Amino acid sequence: GGPRAGLLATAGVATSEAVHIAVAAAGLAALFASVPYAFTVVRVAGAAYLIYLGVQAIRNRGRDQDDPASGTGMPGRRAYVNGLVTNLLNPKMVTFTIAFLPQFIDPSLGHVWLQFAILGAILIALEFVVDGTVGVLAGRIGTWLRRRTTVRRRLDAATGGIFITLGVGLAAER
């Protein structure tokens, strides 16, 4: 979708990471520990979404969802929502945030929410720098790929297959 779509997808990922941080701060780690079924629901939803993305990539491989003549690529709103939903339903990201962030919180210092907010802001800033760079570079490659239908079809089919494989693996994970 171009560099702009890459940055907007990154903004969606960063927004979902803010949700993960807020949930971790609210004690979802304790919920997942006491009710393992809750994590299973998140994991299965994430797996289903990965499989859906994979099937869509294969079904629509090589097709430009947008006007190829315009060169604009994916609309910004769709790029943002794709980044948001993909990361929001990513159980590994949920697990990472819930397991990683609380280790650096010291309740004896007080203001636990403030500690979560500061650490979360740092995590999101670093994530935005890394993912934003990848998004911009991928966007530039996407502009090149939009003009090469055969390469794009093969890449879409491979990406779809990878997403389906990851989704099935995630669903089968115990």
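Right above here is the structure, for reference.
Below, the structure is looked at part by part. What you see is a predicted model, and the numbers here were worked out from it, not measured in a lab.

A separate point is the overall build of the protein. Helix and strand content of the protein: 7 helices and 0 strands. Secondary structure elements of the protein occur, N-terminal to C-terminal, as α-α-α-α-α-α-α. The principal-axis extent of the C-alpha atoms belonging to the protein is close to 60 × 35 × 20 Å. The buried share of the protein, reckoned over its 174 residues, is 32%. Within the protein, contacts between residues separated by at least 24 positions form 83% of all contacts whose residues are at least 6 apart in sequence. The positive charge centre, built from 16 side chains, and the negative charge centre, built from 9, are 11 Å apart in the protein.

To continue, consider the layout of surface pockets. The space that makes up the second largest pocket amounts to roughly 230 Å³. The wall of the second largest pocket is formed by 13 residues, among which Leu-50, Asn-90, Pro-91, Lys-92 and Leu-170 lie closest to the centre. Of all the elements in the fold, those that place two or more residues in the lining of the second largest pocket are α3 (36-59), α4 (76-88), α5 (91-100) and α7 (149-172). Split by residue class, the lining of the second largest pocket holds 6 nonpolar, 5 polar and 2 charged.

Next up on the list: the nonpolar core. Among the nonpolar cores identified, the biggest contains 11 residues, and these are Ala-14, Ile-21, Ala-24, Ala-25, Val-94, Ile-98, Leu-101, Ile-105, Phe-116, Leu-123 and Ile-124. Broken down by secondary-structure element, the contributors of at least two residues to this core are α1 (2-25), α5 and α6 (112-145). It is α1 that contributes the most residues to this core, 4 residues altogether.

So, on to α7. Residues spaced three or four apart along an α-helix face the same direction, because each turn holds 3.6 residues. Compared with the 34 Å implied by 1.5 Å per residue over 24 residues, the 34 Å span of α7 between its first and last C-alpha is a close match. Those residues of α7 that fall on the buried side of the exposure criterion are Arg-152, Gly-160, Gly-167 and Leu-170. Buried positions along α7 lie against α3, α5 and α6.

Before going further, it helps to spend a moment on the packing of α3 against α7. Here α3 crosses α7 at 160°, and the two axes come no closer than 7 Å. Of the possible angle classes, the one that applies to α3 and α7 is roughly antiparallel. With respect to the hand of their crossing, α3 and α7 are arranged in left-handed fashion. Across the interface between the two elements, Arg-43, Gly-46, Ala-47, Leu-50, Ile-51, Leu-53, Gly-54, Val-55, Ala-57 and Ile-58 from α3 touch Asp-156, Ala-157, Gly-160, Gly-161, Phe-163, Ile-164, Leu-166, Gly-167, Val-168, Leu-170, Ala-171 and Ala-172 from α7. Here the contact of α3 with α7 is built from residues that sort into 15 nonpolar, 5 polar and 2 charged.

On to a nonpolar patch on the surface. Judged by side-chain polarity, Leu-31, Val-35, Tyr-37 and Val-41 come together as a nonpolar surface patch covering roughly 370 Å² of accessible area. Mapped onto the secondary structure, Val-35 falls in the loop between α2 (28-34) and α3.

This part is about the side chain of Glu-127. Within the fold, Glu-127 resides in helix α6. Setting aside chain neighbours within four positions, we find Glu-127 in contact with Val-13, Glu-17, Asn-87 and Gly-132.

Rules of the game
Residues numbered from 1 in each chain as written. Predicted model: local features only at pLDDT ≥ 70, side-chain atom pairs only at ≥ 80, totals over all residues. Heavy atoms only, no water. Helix = DSSP H or I, 4+ residues; strand = E, 2+ residues; numbered from the N terminus. Buried < 20%, exposed > 50% of the residue type's maximum accessible area, 1.4 Å probe, protein only. Contact = heavy atoms within 4.5 Å. Lys, Arg positive; Asp, Glu negative; His and termini not counted. Charge placed at Lys NZ, Arg CZ, Asp CG, Glu CD. 1 Å grid on protein atoms, 1.4 Å probe; cavity = no way out; pocket = protein on both sides within 12 Å on 5 of 7 lines; lining within 4 Å. Points joined across faces, edges and corners; volume = space filled by probe spheres on them. Nonpolar A, V, L, I, M, F, W, Y, C, P; charged D, E, K, R; others polar. Core = buried A, V, L, I, M, F, W, Y, C linked by side-chain atoms within 4.5 Å. Expected span 1.5 Å × (residues − 1). Axes fitted to C-alpha atoms, helices over the stretch in contact; angles between N-to-C directions. Parallel < 35°, antiparallel > 145°, perpendicular 65-115°, else oblique. Left-handed = near helix turned anticlockwise from the far one by under 90°. Patch = residues over 30% accessible without salt bridge, like charges linked within 9 Å, V, L, I, M, F, W, Y side chains within 5 Å. Areas by Shrake-Rupley, 256 points an atom, 1.4 Å probe, with all protein chains shown as cover. Salt bridge = Lys/Arg side-chain N within 4 Å of Asp/Glu carboxyl O.

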